[in-house]
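Tertiary structure, described
Chain by chain, the residues:
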Amino acid sequence: ALVNQVVATVISQFNKDLPNGIALCGVFTRDYRTDALNSQVLVTVPQCLEILLLCPHRQEWVKRIKYVIFDEVHCLGGEIGAETWDHILSMIRCPFLALSATISNPEHLTAWLQSVKRYWQLNDEREMRDEAELTQKRTKKKPGKTERRSYNVRLVQYDKRYNDLEKYICSVNDSDFTFEHYHPCASMTIDHV
């Protein structure tokens, strides 16, 4: 249900002229797949993202990922599926945003994510040194510029909760449906106070 909601939001709020063969929004779940590898925005679930990240035939696609938004990241500490969250948060190489309304120890998660980023930073620095040495041996020239990456992790806590759900009552009057706005306080009684 959340996948469908996110897809509907993306499609309703963004409009873009794209070349043939490129879709604005794709979906990749166990039950449904459309435009998964040729979309600018892919909506998926953690288990399916893990499949894509680990698939040897999809590594060119993985390199094209520019940004990831993880929702419900508190599942990392759960009993079911926690290892999937651990894997994808460890493997993702691009900038990402990890969202949750219920992380009990956000500082601990931030420290862990920073240690993962430090690992990738050391790995990337070693790879760049090795590549520079190899290039210099082959061509006797200095290597060209490389893309700068950020390895910073920042914790942003927001203590307000946004809820855009409106309540309505559907009534039938003379075979005509009407929807009346219903404020939640209207259902309260003196017993609730």
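Residues numbered from 1 in each chain as written. Predicted model: local features only at pLDDT ≥ 70, side-chain atom pairs only at ≥ 80, totals over all residues. Heavy atoms only, no water.

Let's shift gears to the UniProt feature "domain: Helicase ATP-binding" (unreviewed entry) in the chain. On the UniProt side, "domain: Helicase ATP-binding" (unreviewed entry) is annotated at positions that read residues 1-121 here. The span residues 1-121 is 43% helical and 17% strand by assignment, and the distance between its end C-alpha atoms comes to 37 Å. (UniProt positions renumbered as here; feature names shortened; annotations may be inferred. Helix = DSSP H or I, 4+ residues; strand = E, 2+ residues; numbered from the N terminus.)

Turning to the pattern of salt bridges, a few remarks are in order. This structure, assessed with the given rule, holds two salt bridges. We note a salt bridge from Glu60 to Lys63, for which the minimum N-O separation is 3.4 Å. One end of the pair, Glu60, and the other, Lys63, are both in helix α3 (residues 59-63), three residues apart, so they sit about a helical turn from each other. Between Asp124 and Arg93 there is a salt bridge whose closest N-O contact spans 2.3 Å. (Salt bridge = Lys/Arg side-chain N within 4 Å of Asp/Glu carboxyl O.)

Nonpolar side chains in soluble globular proteins tend to be buried together. Counting residues in hydrophobic clusters, the biggest one holds 20 residues, and the most contacted among them are Leu53, Ile65, Val68, Phe70, Leu89, Ile92 and Phe96. Breaking this core down by element, the ones donating at least two residues are α2 (46-54), α3, β4 (68-70), α4 (82-91) and α5 (106-139). Element by element, the count of residues in this core is highest for α2, at four residues. Val68 has contacts with Ile92, Cys94, Pro95, Phe96 and Leu97, leaving out every residue within four places of it along the chain. Membership of the second largest hydrophobic core comes to seven residues, among which are Val3, Val7, Cys25 and Val43. (Core = buried A, V, L, I, M, F, W, Y, C linked by side-chain atoms within 4.5 Å. Buried < 20%, exposed > 50% of the residue type's maximum accessible area, 1.4 Å probe, protein only. Contact = heavy atoms within 4.5 Å.)

What follows covers the packing of aromatic side chains. Following the criterion strictly, the structure yields three aromatic pairs and no others. Between Tyr119 and Trp120 the ring centres are 5.2 Å apart and the planes differ by 70 degrees, which places this aromatic pair in the edge-to-face class. According to the relative accessible area criterion, Trp120 is buried, its value standing at 16%. Chaining the aromatic ring pairs together yields one cluster made of Phe70, Trp85 and Phe96. (Phe/Tyr/Trp six-rings, centres within 6.5 Å; stacked < 30°, edge-to-face > 60°.)

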